[in-house]
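One letter stands for each residue in the lines below.
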Amino acid sequence: MKRVGFIINSRFPEWKAVMRGMKPHHLLTGWPDRHSPMNFMRFGWIAEAVNSDPGFGMRYELFKPWRHYDAVIFLKSMEAGCAIHAERLKEKGTKVIFEANVDYYTEGVEGMLPGHLRPTSAQREKAIRMTSLADGVIASSSHLTAICAEWNPNVFWVPDQIPARMIPTPQATVPHDDSALHVWWSGMADKASDLLAAGEAMRSMGKKIRLHLVTGDLKSAVSRLDATAAASLESLLSSVPHTTHRFRSIEDLLSLYAKKPGVVISPRFLENPYNQSHTEWKITLGMACGLPAIASPQPSYLDVRDRSARGSAVTICESCEEWKTAFETAHRDGWHAEASESARRVFLEHYATEVVAPRHVDAVKAVLSPK
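Residues numbered from 1 in each chain as written. Predicted model: local features only at pLDDT ≥ 70, side-chain atom pairs only at ≥ 80, totals over all residues. Heavy atoms only, no water.

Q: Tell me what's going on with unusual backbone geometry, and back it up with residues and numbers.
A: Even without being a glycine, Lys76 presents a positive backbone phi close to 50°. Secondary-structure assignment places Lys76 in the loop between β3 (71-75) and α4 (82-91). (Helix = DSSP H or I, 4+ residues; strand = E, 2+ residues; numbered from the N terminus.)

What follows is the structure, encoded as structure tokens:
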């Protein structure tokens, strides 16, 4: 049985961490980061699947400083002390794996994102150091995998996932042509300016669509945008019928998707590397609930589109006219049933935890295997 420890968001279970708010018992149990999606999205659900199947020959757990590990995964962990700790582990014969989920490597232009979402030069240096010293790297998107390979040839792509058991059954029927199409968008409020990439198309639909935003404090987020972006987003929301839902949890988000079938959207401004390297999750969560996706040609969304070639689960839009056509098609009675089934099928075949967990184990085993 191989034992693998996880350090999440640079949270080390050590005595000095107690002074920063860690509970003393976390020295024995590991220090979870329950407020971060990393804790369940890239660790908890995977660990649950791996630990419940003896056939994997693996035990995944939060890192405990007193325990010997065959490998330690630094999950989005590159802040102060991570590289030093990783080097110490390697000296003891423990394999070190860095798990990356953001492109901190590419120097990008400003784009529509607020400044605090653009990687700094210091973050770039830390990411490159962790990537270079690791025995292997797990990247959360195919695009990021190619980028990480510049600093470490031993890179594995493992996509985001969610357990199939968490997916609710749709509770409502699809609206008819004379009803509004429910258009769902979820994400950090600071990223809502991406909606402008499909803004004109949504305006053109008038009352034929109802935009649903599942997010945080949108008002505060708008105040952090530059004046032009803030004015454009406020103008869009004033002209498109919409409802704002407070994001509470993944379970609640899935419940919202199941109650009002429609489509999930993810328009993106792609001149910024931050957007280019993101994962499929924004659309695959909706697809799991039977919502076909309409999205910009972001690399991860293209991966999902390629995996859904048999149906209409994903529509990629590169222009305002293509967004308009996609919305009109989705509003048309009779289209949704087949597209919805295709979306669920793509999720179950490629993005359910039960499918992704073996890929994660294979990546770890490849790092542990002697060359």
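Resuming the write-up.
Q: Could you give an account of the environment of Glu338, naming the residues involved and the relevant values?
A: Inspection of the secondary structure puts Glu338 in helix α15 (residues 336-350). With 48 residues separating them in the primary sequence, Glu338 and Gly290 have C-alpha atoms 9.8 Å apart.

Q: Give me the lowdown on the sheet that holds strand β5 (residues 136-139), citing residues and values where you can.
A: Think of a sheet as strands paired side by side through backbone hydrogen bonds, with each pair either parallel or antiparallel. Read across the open sheet, the 6 strands follow the order β2-β1-β3-β4-β5-β6; overall the sheet is parallel. Strands with a single pairing partner mark the edges of an open sheet, and in this sheet they are β2 (58-62) and β6 (155-157). Between one strand axis and the next, the sheet turns through 25° on average, direction left out of account. Relative to β5, strand β4 (residues 95-100) runs parallel, the two being bridged by 4 bridges. (Pairing = 2+ DSSP bridges. Axes fitted to C-alpha atoms, helices over the stretch in contact; angles between N-to-C directions.)

Q: Let's hear about helix α13 (residues 299-307): which residues, and what values?
A: All of the buried residues in α13 are Pro299, Ser300, Tyr301, Asp303 and Val304. The N-capping residue of α13, defined by a side-chain oxygen 2.8 Å from the backbone nitrogen of Ser300, is Gln298. (Buried < 20%, exposed > 50% of the residue type's maximum accessible area, 1.4 Å probe, protein only. Polar contact = N/O pair within 3.5 Å; in protein donor to acceptor, adjacent residues only side chain to side chain.)

Q: Provide a residue-level description of the nonpolar core, including the pertinent values.
A: Core analysis: the biggest nonpolar cluster contains 56 residues, and Tyr60, Ile162, Leu254, Tyr257 and Met287 have the highest contact counts within it. Of the residues forming this core, the biggest block, 7 residues, is contributed by helix α3 (residues 38-51). Among residues more than four places away in sequence, those in contact with Met287 are Val264, Ala293, Val304, Ala313, Val314, Ala343, Arg344, Val346 and Phe347. Ile209, Cys317, Trp323 and Trp335 belong to the second-largest nonpolar core, a separate cluster that totals 34 residues. (Core = buried A, V, L, I, M, F, W, Y, C linked by side-chain atoms within 4.5 Å. Contact = heavy atoms within 4.5 Å.)

Q: Can you lay out empty space enclosed by the protein for me, pointing to particular residues and giving the numbers?
A: It is the rolling of a water-molecule-sized probe over the atoms that shows where space remains empty. Under the definition given, this model contains 1 cavity of 30 Å³ or more. What the largest cavity holds in volume is close to 30 Å³. Around the largest cavity, the lining residues are Met41, Arg42, Ile46, Glu99, Val158, Pro159, Asp160, Gln161 and His360. Counting residues per element, the lining of the largest cavity draws most heavily on α3, at 3 residues. (1 Å grid on protein atoms, 1.4 Å probe; cavity = no way out; pocket = protein on both sides within 12 Å on 5 of 7 lines; lining within 4 Å. Points joined across faces, edges and corners; volume = space filled by probe spheres on them.)

Q: Describe helix α5 (residues 121-133), with residues and values.
A: Each full turn of the α-helix corresponds to 3.6 residues, which orients residues three or four apart in the same direction. Compared with an ideal rise of 1.5 Å per residue, which puts 13 residues at 18 Å, α5 spans 19 Å between its outermost C-alpha atoms and is within 8% of the ideal. Within α5 the residues assigned to the buried category are Ala127, Ile128, Met130, Thr131 and Leu133. Those residues of α5 that are buried lie in contact with β3, α4, β4, β5 and α6 (142-148). (Expected span 1.5 Å × (residues − 1).)

Q: How would you summarise the pattern of salt bridges if you had to cite specific residues and measurements?
A: Following the criterion strictly, the structure yields 16 salt bridges and no others. Here Arg165 makes a salt bridge to Glu48, at a shortest N to O gap of 2.9 Å. One end of the pair, Arg165, is in the loop between β6 and β7 (181-186); the other, Glu48, is in helix α3, and 117 residues separate them in sequence. For Arg165, a relative accessible area of 54% translates into the label exposed. (Salt bridge = Lys/Arg side-chain N within 4 Å of Asp/Glu carboxyl O.)

Q: Summarise the packing of α3 against helix α16 (residues 353-368); cite the residues concerned and give the values.
A: Interaxial distance between α3 and α16 falls to 9 Å at its minimum, and their mutual angle equals 80°. Considered as vectors, α3 and α16 are oriented roughly perpendicular to each other. Along the contact surface, α3 presents Trp45, Ile46, Ala49 and Val50, while α16 presents Thr353, Val356, Ala357, His360 and Val361. (Parallel < 35°, antiparallel > 145°, perpendicular 65-115°, else oblique.)

Q: Describe in detail the layout of surface pockets, supporting the description with residues and values.
A: By volume, the second largest pocket is sized at about 210 Å³. Lining the second largest pocket, in full, are Phe63, Pro65, Trp66, Arg67, His68, Tyr69, Val72, His85, Arg88, Leu89, Lys92 and Thr94. By residue number, the principal contributor to the lining of the second largest pocket is α4, which donates 3 residues. When the residues that make up the lining of the second largest pocket are grouped by side-chain class, the tally is 6 nonpolar, 3 polar and 3 charged. (Nonpolar A, V, L, I, M, F, W, Y, C, P; charged D, E, K, R; others polar.)

Q: How would you summarise the environment of Pro37 if you had to cite specific residues and measurements?
A: In this fold, Pro37 is placed in the loop between α2 (26-29) and α3. Put simply, Pro37 and Ile250 are 213 residues apart on the chain and 9.1 Å apart in space, counted from C-alpha to C-alpha.

Q: So what's going on with the environment of Cys82? Residues and values would help.
A: Inspection of the secondary structure puts Cys82 in helix α4. A sequence separation of 70 residues divides Cys82 from Phe12, and the C-alpha atoms of the two residues are 8.6 Å apart.

Q: Give a detailed account of the sheet that holds strand β9 (residues 242-246), specifying residues and quantitative values.
A: Pairing is parallel across the open sheet formed by 6 strands, whose spatial order is β9-β8-β7-β10-β11-β12. In this open sheet, the two strands that pair with only one neighbour each are β9 and β12 (314-316). Neighbour to neighbour, the strand axes of the sheet diverge by 25° on average, direction disregarded. Pairing analysis gives 3 bridges linking strand β10 (residues 262-266) to strand β11 (residues 293-295), with the strands arranged parallel.

Q: So what's going on with the packing of aromatic side chains? Residues and values would help.
A: Enumeration over the complete set of coordinates arrives at 8 aromatic pairs. Here Trp45 and Trp281 contribute two aromatic rings whose centre-to-centre distance is 6.4 Å and whose plane-to-plane angle is 45°, an arrangement assigned as tilted. Here Trp45 is found in helix α3, whereas its partner Trp281 is found in helix α12 (residues 281-288), with 236 residues between them in sequence. According to the relative accessible area criterion, Trp45 is buried, its value standing at 8%. We classify Trp281 as buried; its relative accessible area is 12%. Judged by centre distance (5.8 Å) and plane angle (40°), the rings of Trp323 and Phe327 are tilted. In this pair, Trp323 and Phe327 both sit in helix α14 (residues 320-331), 4 residues apart, roughly one turn of the helix. Overall, Trp323 belongs to the buried group, its relative accessible area being 2%. One Lys or Arg, Arg359, reaches over the ring of Trp157 and ends 5.1 Å from the middle of that ring. (Phe/Tyr/Trp six-rings, centres within 6.5 Å; stacked < 30°, edge-to-face > 60°. Lys NZ or Arg CZ within 6 Å of the ring centre and 35° of its normal.)

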